[in-house]
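Now for the letters of each chain:
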Amino acid sequence: MLAAAAAGRSEVEGLLEGEDVLNTARCVAALGAKVERLGAGRWRIEGVGEKGFTSPSKDLDFGNSGTGARLMMGLIAGHDVTARMVGDKSLSARPMERVLGPLREMGVKAETSEGGRLPATVTGGGLKAIRYAPPQASAQVKSAVLLAGLRADGETVIEEKEATRDHTERMLRAFGVEVDVEPRADAGPVVKVRGGQKLLAAKADVPGDPSSAAFAVAAAILSADGDVTVEAVMDNETRIGFFTAAQALGADIELEYDGVATGEELMKVRARSSKLKGAEIDPALAPSMIDEYPILAVLAAFAEGETIVSGAAELRVKESDRIAAICAMLRANGVEVEETADGFIVQGCGPAGVPGGGTVEARHDHRIAMSALVMGTAAKAPVAVDDVAMIATSYPDFFTHMKTIGADMRHGMVVAIDGTTASGKGTMAKRVAEAFGLPYLDTGLLYRGVAAAALRDGVDMSDEAKCAEIAAKLELSDFEERDLRGSKIGAAASIAASHGAVRKALFDKQRAFAQQAGGAVLDGRDIGTVIAPDADYKFWVDADVAVRAGRRFKELVSLGEAVSEADVLAQLKERDERDRTRKDAPALAAEDAVKVDTSGMTPDEVVAAAMKAIEGQAP
């Protein structure tokens, strides 16, 4: 966000590419910043500088990110623009007036849905500075007002009730802004920012997230033989309350200095298997660990004796009512817990162990889902979660990292459907995904997206290096699917797919999709052999090339292309040969794939064959 509003070109390293961050990147691009992904965790942002943002032509969609939405309200406030902000079902249920109230005092115009919720239309510009004392401790409110204060007339002052996360203050300084922080003995600090200061481009290294590190640390503590070290974790007193609270329960945790990144000190966190005892958690830790209470509750469930948590009323207005969600998670797995107005009381299971065996309702809350899964790694019986798709919002590498440290987290059903062009594999994949409620990815669209971008930019399809650069930065949301279906793009996509560097650039996107804990359906040319070789079900779908040419001809005609069936047949034969003989991941059926010849089958019969195979019957 700061880079988008700054003057000049900023470069970011080590970015956590969760959905929250990616949605925010799309939003700042819609406001006029130039946003470019250079590779894994590497981004370049050309800021708008003094000219300011421009009103977006589409809604700004923040998905599940409350931080993104609330901070953006403050950033937009100082610009002469109007933007309509939306989010998913969970975000749309969360209150926004705590931010919009002080912003209105500064001169912002805002219209919200009933109850002060999203969708909300915000109009900025012409701001005056205010002195504001937030009624509740909230880094989001403080940050939104400070961001608005950058372009307000006068000095904006925030009098904090309690000290909250100070990342915004640190990042503002990294982008050239003077921020004054005055500590107070009997309350939180007074934070001041003078209006009219310019944000300047910066090079930023993103520190490791303490909230993400907490899950690996907790898993090590609960394991009978755990010993895990997480490096380059942000060491900021406003964020590391979880480690203090865990130590209060008896956790064996060592913290060691590990350098500096973009104004934040770093640390190594080493955690070992520990015998835990219940304790009363200091309520003063709440602002520094508000997101870690779910995983702390899991530790408390394994401790011997009673653990009391209070002072955490803010949990009521997170992605879910987290106090209620935490208590439901524990009860579902045999742990006695009492819900209170501002916290909970856990009766730990101690040496007897947590029974487990329950299914946890995630309530569209990523931290509840991840905490429940960590609980399952040490419970007597496995713990299931009803929905894990939202984990990608904050921690897309969660399952990979947990597997690295030895956690047994088994995903839902993965279906790999490979085959030739116009064989019917796409129809099969979509219908199977619908039948089982699984997410679906047509991997061919990734290669078509690379081809479309290359053709658009005048890149020679034989230039492997440039095509790979396009693949690394690819965002399918930049294209309409219908525009990717043409014959010219199809032929170019086949060439793109023959480049090993392109396939490597797209590999992680496909593998991450296949590894979703809730399962997935993917179709393409090498899903069962390369992308998801351990898929639960594999299919190879084919048909007589003349039959396929007839199908493809009808599709192209429907798209308005002037083609002959003979030309389509020749193109398919050429593409089949190229796909079969390419050096990297040739298009071949996996040895254990169910082969389906769709030459004489209707789409319904093709889907029925797949469903029978999945149900354990011969197609």
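Residues numbered from 1 in each chain as written. Predicted model: local features only at pLDDT ≥ 70, side-chain atom pairs only at ≥ 80, totals over all residues. Heavy atoms only, no water.

Engineer: What is the right way to read the nonpolar core from this model?
Structural biologist: Core analysis: the largest hydrophobic core is formed by 77 residues, its most contacted members being F242, Y293, L330, V374 and F398. In terms of residue count, helix α7 (residues 210–222) provides more of this core than any other element does, 10 residues in total. Core analysis: the next-biggest nonpolar cluster, separate from the first, contains 59 residues, A3, M72, L103 and A152 among them. (Core = buried A, V, L, I, M, F, W, Y, C linked by side-chain atoms within 4.5 Å. Buried < 20%, exposed > 50% of the residue type's maximum accessible area, 1.4 Å probe, protein only. Helix = DSSP H or I, 4+ residues; strand = E, 2+ residues; numbered from the N terminus.)

Engineer: Help me out: how do you make sense of the pattern of salt bridges in this one?
Structural biologist: Any two side chains of opposite charge can pair, so long as their charged atoms come close to each other. This model, assessed by the stated rule, comprises 41 salt bridges. Two residues, E36 and R44, come together in a salt bridge whose shortest N-O distance is 3.2 Å. Taking the relative accessible area as the measure of exposure, E36 reaches 28% and is therefore partly exposed. Overall, the relative accessible area of 24% leaves R44 in the partly exposed class. R104 serves as the salt-bridge partner of E97, at 2.6 Å between the closest nitrogen and oxygen. Three or more residues are tied together by salt bridges with common partners; here these are R165, D291, R322, D365 and R367. (Salt bridge = Lys/Arg side-chain N within 4 Å of Asp/Glu carboxyl O.)

Engineer: Looking at this structure, I do not really get the environment of T307. What am I missing?
Structural biologist: For T307, the position within the fold is in strand β16 (residues 304–309). Taking the C-alpha atoms as reference points, T307 and S564, separated by 257 residues in sequence, lie 74 Å from one another. For T307, the residues in contact, after removing those within four places along its chain, are L249, G278, A279, I281, A300, F344, I345 and V346. (Contact = heavy atoms within 4.5 Å.)

Engineer: Any chance you could explain helix α9 (residues 293–302) here in plain terms?
Structural biologist: An α-helical turn contains 3.6 residues, so any two residues separated by three or four positions project in the same direction. Among the 10 residues in α9, 10 count as buried, and that is most of the element. Check the buried side of α9 and you find it contacts α7, α8 (241–248), β16, α10 (322–331), β18 (343–349) and α11 (366–376).

Engineer: Any chance you could explain the sheet that holds strand β3 (residues 42–46) here in plain terms?
Structural biologist: Sheet strands pair via backbone hydrogen bonds, and the direction of the pair is either parallel or antiparallel. The strand order β2-β3-β1-β12 describes an open sheet built from 4 strands, whose pairing is mixed. Two strands in the sheet have a free side with no partner beyond their single neighbour: β2 (34–39) and β12 (203–205). Neighbour-to-neighbour, the strand axes of this sheet turn through a mean angle of 15 degrees, independent of strand direction. Pairing between strand β1 (residues 9–13) and β3: 4 bridges, direction antiparallel. Across the sheet, E11 pairs through a bridge with R44, a residue of β3. (Pairing = 2+ DSSP bridges. Axes fitted to C-alpha atoms, helices over the stretch in contact; angles between N-to-C directions.)

Engineer: Would you explain the packing of aromatic side chains in this entry?
Structural biologist: What describes a pair of aromatic rings is the distance from one ring centre to the other and the angle between the planes of the rings. Tallied over the full model, the rule gives 4 aromatic pairs. Taken together, a centroid distance of 5.6 Å and an interplanar angle of 70 degrees make the contact between Y395 and F398 edge-to-face. As far as the burial class goes, Y395 and F398 line up, both buried. Judged by centre distance (5.2 Å) and plane angle (75 degrees), the ring pair of F398 and F399 falls under edge-to-face. The same class applies to F398 and to F399, which are both buried. Put simply, the rings of F215, Y395, F398 and F399 pair up and form one aromatic cluster. (Phe/Tyr/Trp six-rings, centres within 6.5 Å; stacked < 30°, edge-to-face > 60°.)

Engineer: Sorry if this is basic, but what is going on with the sheet that holds strand β6 (residues 109–113) here?
Structural biologist: Pairing in this open sheet of 4 strands is mixed, and the strands run β4-β5-β7-β6 from one edge to the other. Each having just a single partner strand, β4 (60–61) and β6 make up the two edges of the open sheet. Relative to strand β5 (residues 82–86), β4 runs parallel, the two sharing 2 bridges. Residue pairing across strands places L60 opposite M85, the latter belonging to β5. Relative to the sheet, helix α4 (residues 97–106) contacts β6 and β7 (117–123), its axis offset from that of β6 by approximately 160 degrees.

Engineer: Would you mind showing me how to read the packing of helix α19 (residues 545–558) against helix α20 (residues 565–581) here?
Structural biologist: A pair of packed helices can be characterised by two numbers: the angle between their axes and the separation between those axes. The interhelical angle for the contact between α19 and α20, taken along N-to-C directions, is 120 degrees, at an axis separation of 9 Å. Classified by the angle between their axes, α19 and α20 sit oblique to one another. Where α19 crosses over α20, the two elements pack in a sense that is right-handed. Taken together, the residues of α20 that come into contact with α19 (itself represented by V545, A546, R548, A549, G550, R552, F553 and L556) are E565, V568, L569, L572, K573 and D576. Its residues assigned to classes, the contact of α19 with α20 shows 8 nonpolar, 1 polar and 5 charged. (Parallel < 35°, antiparallel > 145°, perpendicular 65-115°, else oblique. Left-handed = near helix turned anticlockwise from the far one by under 90°. Nonpolar A, V, L, I, M, F, W, Y, C, P; charged D, E, K, R; others polar.)

Engineer: How should the pairing of β3 be read in this particular structure?
Structural biologist: Taken residue by residue, a regular strand's side chains alternate between the two faces of the sheet. Residues W43 and I45 of β3 are buried on one face, while the alternating residues R42, R44 and E46, pointing to the opposite face, are not. Once β2 ends, the chain turns through 2 residues before running back antiparallel as β3, passing G41 with a positive phi of about 75 degrees.

Engineer: Just checking my understanding: could you explain the environment of A543 for this structure?
Structural biologist: Checked against the element boundaries, A543 lands in the loop between β24 (537–542) and α19. Under the relative-accessibility criterion, A543 is labelled buried at 7%. For the pair A543 and M601, spaced 58 residues apart in sequence, the C-alpha separation works out to 9.4 Å.

It is worth stressing that arrangement in space is one thing and function is another; only the former is reported here.
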